[in-house]
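Chain residues, written in single-letter form:
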Amino acid sequence: MSRSIACIDYRNGKIFIAKRVNSGDMGNHWEFPGGKIEDGEDFATAIKREMQEEFGVNVEVGEKITSGTFEHKGKKCTLDAFRVTFEHDGIEKPFVLTEHTEYKWVLPDVIPTLEFVDSDLSIFPEVLKNISK
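A brief look at the structure comes next. (Residues numbered from 1 in each chain as written. Predicted model: local features only at pLDDT ≥ 70, side-chain atom pairs only at ≥ 80, totals over all residues. Heavy atoms only, no water.)

Here we take up the packing of aromatic side chains. Here the distance between the centres and the angle between the planes together describe a pair of aromatic rings. Under the counting rule described, the total for this entry stands at 13 aromatic pairs. Centre to centre, the rings of Phe-16 and Phe-86 are 4.8 Å apart; their planes meet at 90°, and the pair counts as edge-to-face. Note that Phe-16 is positioned in strand 3 (residues 14-20) and Phe-86 in strand 7 (residues 75-86), a separation of 70 residues in sequence. Overall, the relative accessible area of 0% leaves Phe-16 in the buried class. Both rings, one in Phe-55 and one in Phe-86, keep their centres 6.3 Å apart while their planes meet at 40°; by these two values the pair is tilted. One end of the pair, Phe-55, is in helix 1 (residues 43-55); the other, Phe-86, is in strand 7, with 31 residues separating them in the sequence. For the residue pair Phe-55 and Phe-86, the accessibility class agrees, reading buried in each case. (Phe/Tyr/Trp six-rings, centres within 6.5 Å; stacked < 30°, edge-to-face > 60°. Helix = DSSP H or I, 4+ residues; strand = E, 2+ residues; numbered from the N terminus. Buried < 20%, exposed > 50% of the residue type's maximum accessible area, 1.4 Å probe, protein only.)

Now for unusual backbone geometry. One non-glycine residue, Asn-12, adopts positive backbone phi at about 55°. One can find Asn-12 in the loop between strand 2 (10-11) and strand 3. On the basis of relative accessibility, which here comes to 75%, the residue Asn-12 falls in the exposed class. One non-glycine residue, Asn-28, adopts positive backbone phi at about 70°. Mapped onto the elements, Asn-28 comes out in the loop between strand 3 and strand 4 (30-31). Take Asn-28: its relative accessible area is 32%, and that puts it in the partly exposed class.

The volume enclosed by the largest pocket comes to roughly 750 Å³. Elements represented by at least two residues in the lining of the largest pocket include exactly strand 1 (2-8), strand 5 (34-36), helix 1, strand 6 (59-72), strand 7 and helix 2 (118-131). Looking at side-chain class alone, the lining of the largest pocket contains 9 nonpolar, 9 polar and 12 charged residues. (1 Å grid on protein atoms, 1.4 Å probe; cavity = no way out; pocket = protein on both sides within 12 Å on 5 of 7 lines; lining within 4 Å. Points joined across faces, edges and corners; volume = space filled by probe spheres on them. Nonpolar A, V, L, I, M, F, W, Y, C, P; charged D, E, K, R; others polar.)

Among the nonpolar cores identified, the biggest contains 17 residues, and Ile-47, Met-51 and Phe-86 are the most heavily contacted of them. Elements that contribute at least two residues to this core include exactly strand 1, strand 3, helix 1, strand 7 and strand 8 (100-106). The element contributing the most residues to this core is helix 1, with 4 residues. With near-sequence residues (within four places) excluded, Phe-86 lies in contact with Asp-9, Arg-11, Phe-16, Met-51, Val-57, Asn-58, Val-59, Phe-95 and Trp-105. Residues Trp-30, Ala-81, Val-106 and Ile-123 belong to the second largest nonpolar core, which totals 16 residues. (Core = buried A, V, L, I, M, F, W, Y, C linked by side-chain atoms within 4.5 Å. Contact = heavy atoms within 4.5 Å.)

Written out as structure tokens, the structure is:
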């Protein structure tokens, strides 16, 4: 079973999301940024590596929010969501995008209206509970 991580940065009432490049099954969809955990990595190492690779930004890793399972191309996968804090918000100093075409900070109620990655939508109710605390 493969494991992936989803990174949730929530500040000033908004959640950070990014739009995937237009390739693959979920190309051109919005998502909580993250990626696959490589062999031998723990969650924190994977999160820091993925955010550095995808956005050129360092992050502080917070608490685990939730886990969910889904199937992708007939293979079972686990998605673990964590709170993170980027070292800056990407507004004044733009992030360097390698896997995405754009990013933005949105109010939580906007997420269900967007073309969003299914696996991330499946954990969204738990993410909402966590950020509402």
